[in-house]
Amino acid sequence: MIVKATPESLMAAAKAAQKDGRLPPVHLWNPEFCGDLDMEIRRDGTWFYLGTPIGRFPLVKLFASILKLEDGKYFLVTPVEKVGIRVVDAPFVAVDMEAAGESAGQVITFTTNVGDVVIAGPDNPIRVSRDAGGEPSPYVHVRAGLEALIDRKTFYRLIDLGESHPVDGVDMFGVWSSGQFCPIIPVAELEL
């Protein structure tokens, strides 16, 4: 089902909902589903509308502010509209990070491609999934179930901070942030 909602109507509602630079309260919005919009977020974080990349950063940032995840599906929501969009992997990409402190006292802060700043820890865990060939895909939680794929250069910098720590009786290689150990790979599987 193709919706009558347009990017323009979504933009207007999102702009109206933003106050003092804060994200709109999408968790409070539960309008009826209007259908799907031909919009897609690719693995590299590029947003497409009708098969064409959306090149205006303020527009992408605005759409990202009204993104919601429900039952494994992604929607752009306003108080009166809810449209489905496609997300190839994660809706955001962590493009940079900073670390302060050491070991269990370390705090890692990520910045996403849409300007979100996220402190990894209990509320925003880092997780790593591995494909059948063992290739890692690292993620950090951003908000309300939405994650950012950690880009390759940032992941390599993250690995440089890693150390061994036992998790459920298994020595794991991972990183600390905000008092939480985030396991990446069993030490036994590390290639030396």
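Since the structure is predicted, the reported quantities are computational estimates derived from the model, not experimental observations.

*Asks:* Explanation requested: the pattern of salt bridges in the structure shown.
*Replies:* Proximity of charged atoms lets side chains of opposite charge pair with each other. Scanning all chains against the criterion turns up twelve salt bridges. Among the ionic pairs, Asp-116 bridges to Arg-143, the shortest N-O distance being 2.9 Å. Of the two residues, Asp-116 is situated in the loop between β8 (107-112) and β9 (117-119) and Arg-143 in strand β11 (residues 136-143); the sequence distance between them amounts to 27 residues. In terms of burial, Asp-116 and Arg-143 fall into one category: buried. Of the charged contacts in the structure, one is a salt bridge between Arg-152 and Glu-135, with a shortest N-O distance of 3.9 Å. Here the residue Arg-152 occupies a position in helix α3 (residues 152-160), and Glu-135 occupies one in the loop between β10 (126-130) and β11, the gap between them amounting to 17 residues.

*Asks:* I'm lost on the pairing of strand β12 (residues 146-150) in this one. Help?
*Replies:* Along any regular strand, the residues point their side chains to alternate faces of the sheet. Extensive coverage of β12 is indicated by the burial of five of its five residues. Neither face of β12 is exposed, since Leu-146, Ala-148 and Ile-150 on one face and Glu-147 and Leu-149 on the opposite face are all buried. As defined by bridge partners, strand β7 (residues 92-100) adjoins β12 across three bridges and the pair is classed as parallel. Within β12, the position partnered with Ala-94 by the bridge is Ile-150. The pairing of β11 with β12 spans four bridges and is antiparallel. Each residue of the ladder has a partner; that of Tyr-139, found in β12, is Leu-149. Taken together, β11 and the strand that follows it, β12, pair antiparallel across an intervening segment of two residues, in which Ala-144 is found at a positive phi of about 45 degrees.

*Asks:* What is the right way to look at the sheet that holds strand β5 (residues 73-77) in this model?
*Replies:* Paired through their backbone hydrogen bonds, the strands of a sheet run either parallel or antiparallel. A sheet is described by the order of its strands in space; here six strands give the open sequence β3-β2-β1-β6-β5-β4, paired in mixed fashion. Single-partner strands in this sheet number two, and they are β3 (52-53) and β4 (67-70). In this sheet, β5 lies alongside β4 in antiparallel orientation, the contact comprising four bridges. The residue of β5 that forms the bridge with Glu-70 is Lys-73.

*Asks:* Where do I start with the sheet that holds β8 in this structure?
*Replies:* Pairing is mixed in the open sheet, where six strands are placed in the order β9-β8-β7-β12-β11-β10. Strands with a single pairing partner mark the edges of an open sheet, and in this sheet they are β9 and β10. Geometrically, the sheet is characterised by an average inter-axis angle of 40 degrees between neighbouring strands, direction not taken into account. Pairing analysis gives six bridges linking β7 to β8, with the strands arranged antiparallel. Each bridged residue has a counterpart across the sheet, and for Ala-94 the counterpart in β8 is Thr-112.

*Asks:* Would you explain the pairing of β10 in this entry?
*Replies:* Two elements, β10 and β11, share five bridges in a ladder whose sense is antiparallel. When the bridges of β11 are listed, Ile-126 appears paired with Val-140. Here β10 hands over to β11 after five residues, with Gly-134 in that stretch at a positive phi of 90 degrees.

*Asks:* Help me out: how do you make sense of α3 in this one?
*Replies:* Side chains that are three or four residues apart share a direction in an α-helix, a result of its 3.6 residues per turn. Turning to α3, its buried residues number three or more, namely Thr-154, Phe-155 and Leu-158. Looking down the long axis of α3, one finds its buried residues gathered within 100 degrees of arc, a one-sided arrangement. Across from the buried face of α3, at angles greater than 90 degrees, the exposed residues are Arg-152 and Asp-160.

The rules we used
- Note that residues are indexed from 1 along each chain, following the sequence as it is written.
- Reporting in this predicted model follows two pLDDT cut-offs: at least 70 for local features of residues, and 80 or more for side-chain atom pairs to be given and counted; totals over whole chains, interfaces and linings ignore these cut-offs and use all residues.
- Water and hydrogen atoms play no part in the side-chain values, which are based on all heavy atoms of the structure.
- One speaks of a salt bridge when a side-chain nitrogen belonging to Lys or Arg is within 4 Å of a carboxyl oxygen belonging to Asp or Glu.
- Runs of H or I in DSSP of at least four residues are treated as helices and runs of E of at least two as strands, each being numbered from the N terminus.
- For every residue, the accessible area (1.4 Å probe, protein chains only) is compared with the maximum for its type, and the residue is labelled buried under 20%, exposed over 50%, or partly exposed between those bounds.
- Here the rule is simple: two strands pair whenever DSSP picks up at least two bridges between them.
- Helix axes are fitted only over the stretch in contact, all axes being lines through C-alpha atoms; the angle between N-to-C directions runs from 0 to 180 degrees.
- Comment: arc refers to directions from the helix axis out to C-beta atoms.

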